[in-house]
Amino acid sequence: MAQLTLQGNSINSLGSLPEVGAQAPDFKLIASDLSEKTLADYKGSRVVLNIFPSIDTGTCATSVRTFNKSASALENTKVLCISRDLPFAMSRFCGAEGLENVETLSDFREGQLGKDYQLEIIEGPLQKLHSRAVVVLDENAKVLHTEQVTEIADEPNYEAALAVL
């Protein structure tokens, strides 16, 4: 179990993120057009997984905006913004904000990414959602960097994530 906080109140997620140097677990997520995307769809590109509880919170929205701004300058890199929100909600947010440099993916069907990456929150008001995390992968889906943000209301360390690219 990983101990986290939500506005100072203790909560837990399933466990720890994959180790740096490990092969990233595969995933099956839903794109805004309701197609399925897997990790294999991004083979050959570096990948930033920006994982968060819900696009409808200030910190989550800020992380999507911040990575969208950075993504335009990254070569051979895809930034995937992932939550259990419905694909329609994330697509609507990005459309309203004019965000075109990130891809939104939903884990709403089974929450399997949250389980496989050990990010599912197991108690408290955000139970079953994903905790805030960033995972950076190389072109072969090997883990280069991870951060599980211990206070869910805080932003991730964008500079540390982007520095490994």
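Just above, that's the structure.
Reference entry: report on the structure contained in this document. (Residues numbered from 1 in each chain as written. Predicted model: local features only at pLDDT ≥ 70, side-chain atom pairs only at ≥ 80, totals over all residues. Heavy atoms only, no water.)

Points about the packing of helix H1 (residues 58-71) against helix H2 (residues 87-97)
- Between H1 and H2, the least distance of the axes is 12 Å, while the angle of their chain directions is 60 degrees. When the axes of H1 and H2 are compared, the pair comes out oblique. Here the hand of the crossing between H1 and H2 comes out right-handed. For the pair H1 and H2, contact is made by Ala61, Val64 and Arg65 and by Phe93, Cys94 and Glu97, respectively. (Axes fitted to C-alpha atoms, helices over the stretch in contact; angles between N-to-C directions. Helix = DSSP H or I, 4+ residues; strand = E, 2+ residues; numbered from the N terminus. Parallel < 35°, antiparallel > 145°, perpendicular 65-115°, else oblique. Left-handed = near helix turned anticlockwise from the far one by under 90°. Contact = heavy atoms within 4.5 Å.)

Details of a nonpolar patch on the surface
- Taken together, Leu34, Leu86 and Phe88 make up a surface patch of nonpolar side chains, about 280 Å² in accessible area.
- When you line up the elements, leucine 34 lands in the loop between strand E3 (28-30) and strand E4 (36-38). (Patch = residues over 30% accessible without salt bridge, like charges linked within 9 Å, V, L, I, M, F, W, Y side chains within 5 Å. Areas by Shrake-Rupley, 256 points an atom, 1.4 Å probe, with all protein chains shown as cover. Salt bridge = Lys/Arg side-chain N within 4 Å of Asp/Glu carboxyl O.)

A look at the environment of serine 45
- Mapped onto the elements, serine 45 comes out in the loop between E4 and strand E5 (46-51).
- Exposure remark for serine 45: the relative accessible area of 12% places this residue in the buried category.
- Separated by 94 residues in the primary sequence, serine 45 and glutamate 139 place their C-alpha atoms 4.6 Å from one another.
- Apart from the residues lying within four places of it in its own chain, the contact partners of serine 45 are Asn76, Lys78, Asp138 and Glu139.
- Within polar-contact distance, the side chain of serine 45 engages the side chain of asparagine 76 at 3.4 Å. (Buried < 20%, exposed > 50% of the residue type's maximum accessible area, 1.4 Å probe, protein only. Polar contact = N/O pair within 3.5 Å; in protein donor to acceptor, adjacent residues only side chain to side chain.)

Regarding the pattern of salt bridges
- Inspection of the entire model under this criterion finds four salt bridges.
- The residue glutamate 36 makes a salt bridge to arginine 109 at a minimum N-O spacing of 3.5 Å. Taken as a pair, glutamate 36 in strand E4 and arginine 109 in the loop between strand E7 (103-106) and helix H3 (112-116) lie far apart in primary sequence, 73 residues in all.
- For the salt bridge of glutamate 97 with arginine 65, the shortest nitrogen-to-oxygen distance reads 2.8 Å. With a gap of 32 residues between them, glutamate 97 in helix H2 and arginine 65 in helix H1 connect regions that are remote in the sequence.
- Each of Lys115, Glu120 and Lys128 takes part in a single network of salt bridges with overlapping partners.

Some remarks on the side chain of serine 131
- Along the polypeptide, serine 131 turns up in the loop between H3 and strand E8 (133-137).
- Assessed through its relative accessible area of 0%, serine 131 is described here as buried.
- Apart from residues no more than four positions distant in its own chain, serine 131 is found in contact with Leu4, Ser13, Ile51, Phe52, Pro53, Leu119, Ile121, Gln148 and Ile152.

Some remarks on H2
- Looking at H2, one finds that the buried residues are Pro87, Ala89, Met90, Phe93 and Cys94.
- Buried residues along H2 sit in contact with E3, H1, strand E6 (77-83) and E7.

Thoughts on the state of the cysteines
- One pass over the full model with this rule turns up zero disulfides.
- Here cysteine 60 is not cross-linked by a disulfide; its sulfur's nearest cysteine counterpart is in cysteine 81, at 10 Å.
- Take cysteine 60: its relative accessible area is 1%, and that puts it in the buried class.
- Free cysteine: cysteine 81, not disulfide-bonded; nearest cysteine sulfur from cysteine 94 at 6.5 Å. (Disulfide = S-S within 2.5 Å.)

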